[in-house]
Amino acid sequence: MRVSAGVIVALLMLSTMPMMAQADVADLTFDSEINTSGIDAYYATGDVVVIQPTLSNTGASTTFENDPSCGVILQVTDSMGEFVVDDRNLCRGQSQMIDIASNEVKTFSEVQWDLTTEEGAYVVPGWYTASVLHTATGLFSSHEVHVQTDVVVPSDLTLSIEATSRLGPLVSSEEMVLTVMMYNPTSSAIQLPDLGGCLLHFSIDETTDLSSDCLPSFTQIEAFEEVLLEQRLLPSGTLDGGLHTISVALPGDTLSASLDLEVAPPTEAFTSIYQDQLQVGLSGLDDGLFGDDEIMSTSMTMLNVGDAQQSIRFTDTCRAELWIVDDQGSVVFDSRSLKTCNAINMDYSLEPTEEVVFSLPDWTFTDLLGCQISSGTYTAIVEVPQLHLSQSETIDYERLIATNCAQSLPLDMSTSLSGIDNGFDLNITVVPQTSEVDLRWIGPCSVTVSIIDLGISDEVHRQASLCNEHDGRHLSLPYSPENPLVLEVGEVSMIDFNNAPLPDGMYQMIVTLEANPTTSAGFVFEWPIVETVEVQSTIIEEEPEQEESRLVSGTWSGILTEEGTCWILESPQDGQLLLSLAALGSWTPQQGWSGTYQSISATSAPQCSKFQAPSIELLTVETESAPSVEQVTEEQSDGPPLVVSQESEAPLATTLLVVITTTSLLSLLVSLVLGNESLRIPSTAAGLWFLGMVGRTHETTDGRYQRGRLMGYLTANPGCHFRALMAALDMSNGQITHHLRILESEDAIWRRKDGRLVRYYPLTNTMNPGMSDAELPVPPLSPDPNSLQGKILSLLDADGPMGEFPTQAELARRLEKSQQLVSHHLRTLQKFGLVEKRKMGIKNRYKLTREAIFLLESNDDFTRD
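Quantities reported herein were computed from a predicted structural model and do not represent experimental measurements. (Residues numbered from 1 in each chain as written. Predicted model: local features only at pLDDT ≥ 70, side-chain atom pairs only at ≥ 80, totals over all residues. Heavy atoms only, no water.)

**Student:** Describe the overall build of the chain, with residues and values.
**Tutor:** Helix and strand counts for the chain stand at 11 helices and 51 strands. Buried positions account for 47% of the 865 residues belonging to the chain. Across the chain, contacts joining residues at least 24 apart in sequence account for 69% of those joining residues at least 6 apart. Surface accessibility of the chain: about 42,600 Å² in total, with carbon and sulfur atoms responsible for 50%. (Helix = DSSP H or I, 4+ residues; strand = E, 2+ residues; numbered from the N terminus. Buried < 20%, exposed > 50% of the residue type's maximum accessible area, 1.4 Å probe, protein only. Contact = heavy atoms within 4.5 Å. Areas by Shrake-Rupley, 256 points an atom, 1.4 Å probe, with all protein chains shown as cover.)

Spelled out as structure tokens, the structure:
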């Protein structure tokens, strides 16, 4: 019995030992150090991640369990939490007990990772979590590891770098923008691989850092497409005068580009002492997405980030300036082109963390010649010229129609038609006529095909094709007849607008490239098509009449209108002349400059349409000179207290110190009112007389009829804003302002400001100014099914009956768009009551509202399964 009792006690003691060890684990600390020797911020191909694990006992002496076959193992997970390395399969389940004294540290063997998966292939670039796990106790230690392994991309792709300065020449004391672009020089689309978190290696001389993503966000780069990868601002003083080498490459140098820059030394001594003390920023961009009806109203902030008070003296009126660069590196807007930097002494004092705000001119998305810009990505640079401070932000602009200054592209188009049932398959071959051509797609569909019955000379069918969300994407077509762009349009139906088959006969097909500018060509063919037919044509365009040129002389003034900047030449001989177009390369008018120019008469530019004066097109610049600089005072802007210097170099009459030309005052006034409908509308109603050229707004002979149209439209669409009313009723700014003012004076309608817009409502018992914003109706929205908003609605409509409600990230992945762009359109759809967001678990998910379901069911444009 004693022997049996002893055996039982011994077994009980052995069975409690693991529990005792487990209880003591609370006093054990498992830690590790990662060896970063020789590694600069990230790991590249050939580097090895070395982790040294240790186990420390912070309590009394104890015993812990260990598996000698795999005491400490490596585990590596990617950014999605998926294992790429998991060494737990090395464990054979062995067990041993190890004593560890109080405050003792046990050091295990190093754990290494050579940046490969368990199959031996290198992981794609990105962030990974490398962990060491003590298998017996379950203790572990982790490190975040940034990996930039070598990548492979299609060999046909090329990279290029362009350098841009606001003034043209590259000068050390001026800001520069470096533009990196990827190009597909082939006539076939190229599928882009998944490179994970691959980042470009950007080098300036001997200094290299990581910059933007290696590839664009979409999965395919089209034939001859040029894509912006990055625009980098180099503040003034970044590069000294002399020769510099700029290079950019993908990890492993499988794709790279370099540029040798010759930078001129500064034209005058300058200092950048404020660059570490003051920080400037651009406010008012919101999500950075803009559309046709919007105006970019921004301001510059200047913050004292130092520890001491900063005293600043401005010596001219150009304190805060803005310039814009497009995705090809060209300057499309410069606030200094509309003003003169007049001399002035103005002092500011900023305490630490104190901020001052300076207003910036509104941008109506027009270029330096007043032409509307096309869709694309733009970089806005805000700067304080005198202090050499600058900052840049990226914006996206979406325009669904061609710009006002666009002329047909010099392209030759030919078509191939292959007959099928009830129609034909269409391929379009596009070749530049004389030199390389830039083609910018607009809208969701790239090609529109219109069929005209020559027997009745009337359009009988129209359809949009190649609807692949190419809006804003840029093609650079080489002058190479052997390497043309072929657009595979696909099936074109030969049916009329009532879906009835078209009779046999002769037809004309008008093919329109929905690009900026819109370009069309006509093709005559006989229906039915028995076999494949090749048809040639020329671009449909009107040849301008030529006339003799003449010399004009005068001084330039620029005035900002809704359509852009209208440039006016004040000529002593010819009076006021409006600039229609300047075919002079990079030359643009500048405020206050004078000169003599060779010109011909031309039609009025859209930005000058409200001015009654002759228009001219400039052919050459004979002579030109800058204005003389006068010292003027400037009003104090919002911000901290400032002190205007009392110093005076010469006694001047007080009146001379405050003289500003009428043109400058009106330019400032127009810049102010155009950025806001609530200011622009009363200003238009009052009539802005500029040098006697602004015409009066004439009421139509049937004013009551027009006001009846307005009341009917507002009754059906309460809350419609000013610009939408102009477009819907096809009225001019002056007409609609006149009639709205009369209806308001008669208490028939009322208005409410909504951000930069003004919305109008009919005055009824159920709709009055006392209502809150939440009670007011919002105009109905019916998006194009081929637009991004239409595709979002279609996806949500397909998922809803299945009980699936996607997240914003899932929508972005399925639509192959950025989350920022999808978020912007989701907010718009929410505002119009078509989409609602619900919290499900830890994520926000989206579903259609009842109004949206009704819209889809009642709209024949949406196809529902």
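**Student:** Which residues make up the state of the cysteines, and what are the values?
**Tutor:** Per the stated rule, a full pass over the model turns up five disulfides. One disulfide in the model links Cys-318 with Cys-341; its S-S distance is 1.8 Å. Linking Cys-318 and Cys-341, the disulfide has an S-S dihedral of approximately -85° and is accordingly described as left-handed. One end of the pair, Cys-318, is in the loop between strand 24 (310-316) and strand 25 (321-325); the other, Cys-341, is in the loop between strand 26 (331-334) and strand 27 (343-350), with 23 residues separating them in the sequence. Its relative accessible area of 2% is what places Cys-318 among the buried residues. Overall, Cys-341 belongs to the partly exposed group, its relative accessible area being 31%. (Disulfide = S-S within 2.5 Å.)

**Student:** Before we move on, could you go through the nonpolar core and cite the residues and values that matter?
**Tutor:** Phe-424, Ile-451, Met-509 and Phe-525 are the most contacted members of the largest nonpolar core, which totals 37 residues. Among the elements of the structure, strand 31 (411-420), strand 32 (423-432), strand 33 (437-440), strand 34 (447-453), strand 36 (474-477), strand 37 (485-493), strand 38 (505-513) and strand 39 (519-527) are those that each provide at least two residues to this core. Apart from the residues lying within four places of it in its own chain, the contact partners of Met-509 are Thr-415, Leu-417, Phe-424, Leu-426, Val-449, Ser-450, Ile-451, Ala-521, Gly-522, Phe-523 and Phe-525. Core analysis: the next-biggest nonpolar cluster, separate from the first, contains 34 residues, Leu-282, Met-302, Met-346 and Phe-358 among them. (Core = buried A, V, L, I, M, F, W, Y, C linked by side-chain atoms within 4.5 Å.)

**Student:** Kindly report on the packing of aromatic side chains, identifying the contributing residues and their values.
**Tutor:** Applying the stated rule across the entire model yields 14 aromatic pairs. Consider the rings of Tyr-348 and Phe-358, whose centres lie 5.5 Å apart with planes at 65°: the pair is edge-to-face. Linking Tyr-348 in strand 27 with Phe-358 in strand 28 (residues 355-359), this pair joins segments that are 10 residues apart in sequence. Exposure remark for Tyr-348: the relative accessible area of 2% places this residue in the buried category. One aromatic cluster is present, built from ring pairs that chain together Phe-290, Phe-333, Trp-363, Phe-365, Tyr-378 and Tyr-397. One residue, Arg-473, lies across the ring of Phe-218, its end atom 3.8 Å from the ring centre. (Phe/Tyr/Trp six-rings, centres within 6.5 Å; stacked < 30°, edge-to-face > 60°. Lys NZ or Arg CZ within 6 Å of the ring centre and 35° of its normal.)

**Student:** Summarise the pattern of salt bridges; cite the residues concerned and give the values.
**Tutor:** Taken as a whole, this structure holds 13 salt bridges when the rule is applied. For the salt bridge of Arg-462 with Glu-459, the shortest nitrogen-to-oxygen distance reads 2.9 Å. Each of the salt bridges in this network shares a partner with another, and the network as a whole consists of Asp-209, Glu-230 and Arg-232. (Salt bridge = Lys/Arg side-chain N within 4 Å of Asp/Glu carboxyl O.)

**Student:** So what about the sheet that holds strand 26? Which residues, and what values?
**Tutor:** The five strands are arranged 22-30-29-25-26 in an open sheet whose pairing can be described as mixed. Of all strands in the sheet, those bounded by a partner on one side alone are strand 22 (289-290) and strand 26. Where strand 25 meets strand 26, three bridges bridge the pair, whose relative direction is antiparallel. The residue of strand 26 that forms the bridge with Val-325 is Val-331. (Pairing = 2+ DSSP bridges.)

**Student:** Just give me the short version of the confidence of the model for the chain, but keep the residues and values in it.
**Tutor:** In the predicted model, the chain carries a mean pLDDT of 79, and the fraction of residues at 70 or more is 81%. At the low end of the mean pLDDT range in the chain sits helix 2 (residues 654-657), at 26; at the high end sits strand 13 (residues 176-183), at 95. Segment residues 11-24: pLDDT under 50, and four contacts once partners within four positions in sequence are set aside and those in other chains are kept. Across residues 629-701 the pLDDT falls below 50, and counting only partners more than four positions away or on other chains, this stretch makes 135 contacts in the model. (pLDDT = per-residue confidence, 0-100.)

**Student:** Describe the packing of helix 8 (residues 788-799) against helix 9 (residues 808-815), with residues and values.
**Tutor:** Look at helix 8 against helix 9: their axes get within 11 Å of each other, and the N-to-C directions meet at 115°. As far as their axial angle goes, helix 9 and helix 8 are roughly perpendicular. Read as a crossing pair, helix 8 and helix 9 show a hand that is right-handed. Residues Leu-788, Lys-791, Ile-792, Leu-795, Leu-796 and Asp-799 of helix 8 touch helix 9, and the partners they reach there are Leu-811, Arg-814 and Leu-815. (Axes fitted to C-alpha atoms, helices over the stretch in contact; angles between N-to-C directions. Parallel < 35°, antiparallel > 145°, perpendicular 65-115°, else oblique. Left-handed = near helix turned anticlockwise from the far one by under 90°.)

**Student:** Which residues make up the sheet that holds strand 19 (residues 242-249), and what values go with them?
**Tutor:** The strand order across the open sheet formed by four strands is 16-15-19-20, and the pairing between neighbours is antiparallel. What marks the edges here is a single partner per strand, and that holds for strand 16 (207-213) and strand 20 (256-263). Each adjacent strand pair in this sheet contributes to an overall mean axis angle of 20°, direction not counted. As judged from the five bridges shared by strand 15 (residues 199-204) and strand 16, these two strands associate in the antiparallel manner. When the sheet's bridge partners are listed, Ile-204 is paired in strand 16 with Thr-207.

**Student:** Provide a residue-level description of helix 5 (residues 703-716), including the pertinent values.
**Tutor:** Across its 14 residues, helix 5 extends 20 Å between first and last C-alpha, which sits within 8% of the 20 Å expected from 1.5 Å per residue. Listed in full, the buried residues belonging to helix 5 are Gly-703, Gln-706, Arg-707, Leu-710 and Leu-714. Projected down its long axis, helix 5 carries its buried residues within an arc of 95°, all on one side. Seen from the open side of helix 5, the exposed residues pointing more than 90 degrees away from its buried face are Arg-704, Thr-715 and Ala-716. (Expected span 1.5 Å × (residues − 1). Arc of directions from axis to C-beta.)

**Student:** Mind laying out the environment of Thr-137, listing which residues take part and the relevant values?
**Tutor:** Residue position: Thr-137 is located in the loop between strand 10 (126-134) and strand 11 (140-148). Accessibility expressed as a relative area gives 14% for Thr-137, which makes it buried. Engagement of the side chain of Thr-137 in a polar contact is seen with the side chain of His-134, the distance being 2.7 Å. Among the polar contacts listed, one links the side chain of Thr-137 to the backbone nitrogen of Leu-139, at a separation of 3.3 Å. (Polar contact = N/O pair within 3.5 Å; in protein donor to acceptor, adjacent residues only side chain to side chain.)

**Student:** Any details on the environment of Ser-457? Residues and values, ideally.
**Tutor:** Considering the arrangement of structural elements, one finds Ser-457 in the loop between strand 34 and strand 35 (458-465). Separated by 50 residues in the primary sequence, Ser-457 and Tyr-507 have C-alpha atoms spaced 9.0 Å apart.

**Student:** Which residues make up helix 8, and what values go with them?
**Tutor:** Under the 1.5 Å per step criterion, the end-to-end length of helix 8 is 17 Å for 12 residues, consistent within 8% with the ideal 16 Å. Every buried residue belonging to helix 8 is among Leu-788, Gln-789, Gly-790, Ile-792, Leu-793, Leu-795, Leu-796, Asp-797 and Asp-799, and all of these are buried.

**Student:** Run through a nonpolar patch on the surface, naming residues and quoting values.
**Tutor:** Residues Leu-454, Met-506 and Val-524 make up a contiguous nonpolar surface patch of roughly 240 Å² in combined accessible area. On the basis of relative accessibility, which here comes to 45%, the residue Val-524 falls in the partly exposed class. (Patch = residues over 30% accessible without salt bridge, like charges linked within 9 Å, V, L, I, M, F, W, Y side chains within 5 Å.)

**Student:** Help me get a handle on the environment of Ala-320, residues and values and all.
**Tutor:** Summarising the element assignment, Ala-320 is placed in the loop between strand 24 and strand 25. Expressed as a C-alpha distance, the spacing of Ala-320 and Val-357, which sit 37 residues apart in the sequence, is 9.4 Å. Leave out the neighbours within four places in its chain, and Ala-320 touches Met-300, Phe-358, Leu-360 and Glu-383.

**Student:** Residues and numbers for unusual backbone geometry, please.
**Tutor:** Note that the residue after Asn-516, namely Pro-517, is joined by a cis bond; omega there is 5°. With respect to the secondary-structure elements, Pro-517 resides in the loop between strand 38 and strand 39. Cis peptide bonds are those with omega within 30 degrees of zero, and the linkage from Trp-527 to Pro-528 qualifies with 10°. Here Pro-528 lies in the loop between strand 39 and strand 40 (533-536). A positive phi angle, near 55°, is found at Asp-286, a position not held by glycine. By secondary structure assignment, the location of Asp-286 is in the loop between strand 21 (278-283) and strand 22.

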